[in-house]
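Spelled out, the chains give:
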Amino acid sequence: QVHMVESGGGLVQAGDSLRLSCAASGRTLSSYVMGWFRQAPGKEREFVAAINWIGGYRYYADSVKGRFTISRDNAKNTMYLQMNSLKPDDTAVYYCAADPKPTVEHSATYHYWGQGTQVTVSS
């Protein structure tokens, strides 16, 4: 069906920036809502950001608003997450997700997922 692969994670210090990518294959996702979720040890998977190219819709969790920017390039079937002013609390495995009609902040409503990429922010 749809195969998605995240990349760009790594180890950075507080205040640094990082850019994550999510490349999809198997089917074009131009008509899909795409989003980023993250999961830290001992915590539930939480919503980070979502984007719908048609209509220019973008939605961010309060914890990242003003620091993170979500974007997508439908010609490349790729989604990005630019993360600035990173904090230790941003440390988590970051997952990309896609669905034709999800509830944007609810992970259970996304049916296609990548394998995750680790982001670690030290102080």
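As a reminder, the structure under discussion sits directly above these lines.
Residues numbered from 1 in each chain as written. Predicted model: local features only at pLDDT ≥ 70, side-chain atom pairs only at ≥ 80, totals over all residues. Heavy atoms only, no water.

A. Broad picture of the sheet that holds strand E1 (residues 3-7). Reading across from one edge, E1-E3-E8-E7 is the order of the 4 strands in this open sheet, with antiparallel pairing throughout. Each having just a single partner strand, E1 and strand E7 (68-73) make up the two edges of the open sheet. Averaged over all neighbouring strand pairs, the angle between strand axes comes to 15°, with direction disregarded. Alignment of E7 against strand E8 (residues 78-83), held across 6 bridges, turns out to be antiparallel. (Pairing = 2+ DSSP bridges. Helix = DSSP H or I, 4+ residues; strand = E, 2+ residues; numbered from the N terminus. Axes fitted to C-alpha atoms, helices over the stretch in contact; angles between N-to-C directions.)

B. Just the nonpolar core, in detail. Grouped together as the largest cluster of nonpolar side chains are 38 residues, with contacts concentrated most on Met4, Trp36, Leu81, Met83 and Tyr94. Secondary structure elements with two or more residues in this core: strand E3 (18-25), strand E4 (33-39), strand E5 (46-52), E7, E8, strand E9 (92-99) and strand E11 (117-122). (Core = buried A, V, L, I, M, F, W, Y, C linked by side-chain atoms within 4.5 Å. Buried < 20%, exposed > 50% of the residue type's maximum accessible area, 1.4 Å probe, protein only.)

C. Expanded view of the state of the cysteines. Using the criterion set out here, one finds 1 disulfide in the structure. In this model cysteine 22 forms its disulfide with cysteine 96; the gap between the sulfur atoms is 2.1 Å. One disulfide, between cysteine 22 and cysteine 96, carries an S-S torsion of 55° and so falls in the right-handed class. Linking cysteine 22 in strand E3 with cysteine 96 in strand E9, this pair joins segments that are 74 residues apart in sequence. For the pair cysteine 22 and cysteine 96, one class covers both residues: buried. (Disulfide = S-S within 2.5 Å.)

D. Seen up close, the pairing of E4. Burial of E4 is extensive: 6 of the 7 residues sit out of reach of the surface. In the sheet, E4 pairs with E9 via 7 bridges, with the strands oriented antiparallel. Its bridge partner lying in E9, tryptophan 36 is registered against cysteine 96. Two elements, E4 and E5, share 5 bridges in a ladder whose sense is antiparallel. By the bridge assignment, glycine 35 is partnered in E5 with alanine 50. Counted between consecutive antiparallel strands, the loop separating E4 from E5 contains 6 residues, among which glycine 42 sits at a positive phi close to 80°.

E. Local environment of the packing of aromatic side chains. Following the criterion strictly, the structure yields 8 aromatic pairs and no others. Between the aromatic rings of phenylalanine 37 and tryptophan 113, the centroid separation amounts to 5.2 Å while the plane-to-plane angle is 55°, which identifies the pairing as tilted. With a gap of 76 residues between them, phenylalanine 37 in strand E4 and tryptophan 113 in strand E10 (residues 112-113) connect regions that are remote in the sequence. Judged by its relative accessible area of 24%, tryptophan 113 falls in the partly exposed class. Of note, arginine 19 hangs over the ring of tyrosine 80, and the distance from its end group to the ring centre comes to 4.0 Å. (Phe/Tyr/Trp six-rings, centres within 6.5 Å; stacked < 30°, edge-to-face > 60°. Lys NZ or Arg CZ within 6 Å of the ring centre and 35° of its normal.)

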